[in-house]
Amino acid sequence: MDSGAAGAAGGAAGAAPGLTSGLRAGYTAAAGSWAAGPERVYAPLAAALVGAATRPAAGCRVLDLGAGTGVAGHAALAAGARQVVAADLAVPMLRRCRPALHPVAADATALPFASGSFDLVIAAFVLGHLGSLGSGLAEARRVGRELAASAFPAGWAHPAKAAVDAVLASYGYRPPAWYSAFKHETEPRAADPAVLTGLARAAGFADVRVAAIVVPTGVSAADQLASWRLGMAHVAPFMSSLDLDTQARVRRDAAAALTGCAPLTVPMVVLTAR
């Protein structure tokens, strides 16, 4: 997602309203630092997802769902897509999309597009942001003929996460409530092959496949790893609340903690459906 604040209307256990507002605030705060940090990681992941789609993007009308700054949309254009529309609820993120992506502010569970508008829907790390995963898949099926979506597998971790979290905690950071709901409720469902298969079929997709792939991101330098974690939506509002000198100290401490850290290779759960 691109990991954008795609939207979540309704949801299990009452998580969605808080999740949606928190996500939107987080991604709004992250818009300024996204390109220098997380985007460097999400771009190769998006390219891998576009490449994994059952339908090649070449010549297609593509919806980049939960687009963020549009890395999946750019990957689709690079693969020869005829037209791309980037949809997300976080308008400041969309403002960083290039005009070629035709950015549209939209809720993933109530898309403002006619049925069958797209040949292919790309949802890069978006499904875990939806309070109603079934509604999001149903909308993707309504507006698109085929879907390619990705999620992080449950329990996936990289040493950079724990190292940066420890640095942040020393400055008083505590994860926001919406992030806890995301990590413990919605994200695990979006990575569960049985859940994905069942909900995708219920949404009307006849041919549903779930696979696991591993993607080397090329990100290995300590400062790049630090920028990845410090620019994420659950951290960006905290960083923005600090004065510039303190922000600089956090970045230095995070980079120092990551010296010698393993290069970032990311496992993905990939759903393809048509």
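Here we summarise the structure given alongside this text. Keep in mind the model is a prediction, meaning the values are calculated, not measured. (Residues numbered from 1 in each chain as written. Predicted model: local features only at pLDDT ≥ 70, side-chain atom pairs only at ≥ 80, totals over all residues. Heavy atoms only, no water.)

1. Overview of the overall build of the chain
Right, on to step 1. Along the chain, the regular secondary structure elements total 11 helices and 7 strands.
Right, on to step 2. A globule of 274 residues ought to have a C-alpha radius of gyration of about 19 Å, and the chain, at 17 Å, matches this closely.
Right, on to step 3. The principal-axis extent of the C-alpha atoms belonging to the chain is close to 50 × 40 × 30 Å.
Right, on to step 4. Counting every position in the chain, which comprises 274 residues, the buried fraction comes to 54%.
Right, on to step 5. Relative to all contacts within the chain whose residues are 6 or more apart in sequence, the contacts with residues 24 or more apart total 78%. (Helix = DSSP H or I, 4+ residues; strand = E, 2+ residues; numbered from the N terminus. Rg over C-alpha atoms; globule rule 2.2 N^0.38 Å. Buried < 20%, exposed > 50% of the residue type's maximum accessible area, 1.4 Å probe, protein only. Contact = heavy atoms within 4.5 Å.)

2. Considering the pairing of strand E1 (residues 61–65)
Right, on to step 1. Taken across its 5 residues, E1 has 4 buried, putting it largely inside the fold.
Right, on to step 2. In this structure, E1 lies alongside strand E2 (residues 83–88), joined through 5 bridges in parallel fashion. If you follow Leu65 over to E2, its bridge partner there is Ala87.
Right, on to step 3. Traced from E1 through helix H3 (residues 71–78) to E2, the parallel crossover comes out right-handed.
Right, on to step 4. As defined by bridge partners, E1 adjoins strand E4 (residues 118–124) across 3 bridges and the pair is classed as parallel. Across the sheet, residue Val62 finds its bridge partner in E4, namely Leu120. (Pairing = 2+ DSSP bridges. Right-handed = clockwise from strand over helix to strand, strands pointing away.)

3. Description of the pairing of strand E7 (residues 265–273)
Right, on to step 1. Of all the 9 residues making up E7, 8 are buried; the element is thus mostly covered by neighbouring parts of the structure.
Right, on to step 2. Where strand E5 (residues 144–151) lies against E7, 5 bridges are found, and the strand directions are antiparallel. Its bridge partner being in E7, Ala151 is matched across the sheet by Val269.
Right, on to step 3. Relative to E7, strand E6 (residues 208–216) runs antiparallel, the two sharing 9 bridges. By the bridge assignment for E7, Val214 is matched with Pro267.

4. Regarding the pattern of salt bridges
Right, on to step 1. Tallying each qualifying case throughout the model produces 7 salt bridges.
Right, on to step 2. Across the salt bridge formed by Glu139 and Arg142, the nearest N and O atoms sit 2.7 Å from each other. Separated by 3 residues within a single helix, Glu139 and Arg142 lie in helix H5 (residues 133–143), roughly one turn from each other.
Right, on to step 3. A relative accessible area of 13% places Glu139 in the buried class.
Right, on to step 4. Residue Lys183 pairs with Glu187 through a salt bridge whose shortest N-O separation is 2.9 Å. Highlighted residues: Lys183 and Glu187, both in helix H7 (residues 177–190), separated by 4 residues, approximately one helical turn. (Salt bridge = Lys/Arg side-chain N within 4 Å of Asp/Glu carboxyl O.)

5. A word on H5
Right, on to step 1. Those residues of H5 lying buried are Leu133, Gly136, Leu137, Glu139, Ala140 and Val143. The arc enclosing the buried residues of H5, seen along the axis, measures out at 160 degrees, which places them on a common side.
Right, on to step 2. Check the buried side of H5 and you find it contacts E1, E4, E5, H7, helix H8 (193–202) and E7. (Arc of directions from axis to C-beta.)

6. Thoughts on the packing of aromatic side chains
Right, on to step 1. Taken as a whole, this structure holds 11 aromatic pairs when the rule is applied.
Right, on to step 2. Where Phe152 meets Trp156, the ring centres are 5.4 Å apart and the plane angle is 10 degrees; that geometry is what we call stacked.
Right, on to step 3. Geometrically, the ring pair formed by Tyr179 and Phe182 is tilted, given 6.0 Å between the ring centres and 40 degrees between the ring planes. Here Tyr179 pairs with Phe182, and both are found in helix H7, just 3 residues apart, close to one helical turn. For the pair Tyr179 and Phe182, a shared accessibility class is recorded, and that class is buried.
Right, on to step 4. Aromatic rings pair up to connect Tyr27, Trp34, Tyr42, Phe125, Phe152 and Trp156 into one cluster.
Right, on to step 5. Seen from the ring of Phe205, Arg141 lies directly overhead, with NZ or CZ sitting 5.4 Å from the centre. (Phe/Tyr/Trp six-rings, centres within 6.5 Å; stacked < 30°, edge-to-face > 60°. Lys NZ or Arg CZ within 6 Å of the ring centre and 35° of its normal.)

7. Some remarks on the sheet that holds strand E3 (residues 104–105)
Right, on to step 1. If you walk across this open sheet you meet the 7 strands as E3-E2-E1-E4-E5-E7-E6, and the pairing is mixed. Two strands in the sheet have a free side with no partner beyond their single neighbour: E3 and E6.
Right, on to step 2. Across the face of the sheet, H5 comes into contact with E1, E4, E5 and E7 while running at roughly 145 degrees to E5. (Axes fitted to C-alpha atoms, helices over the stretch in contact; angles between N-to-C directions.)

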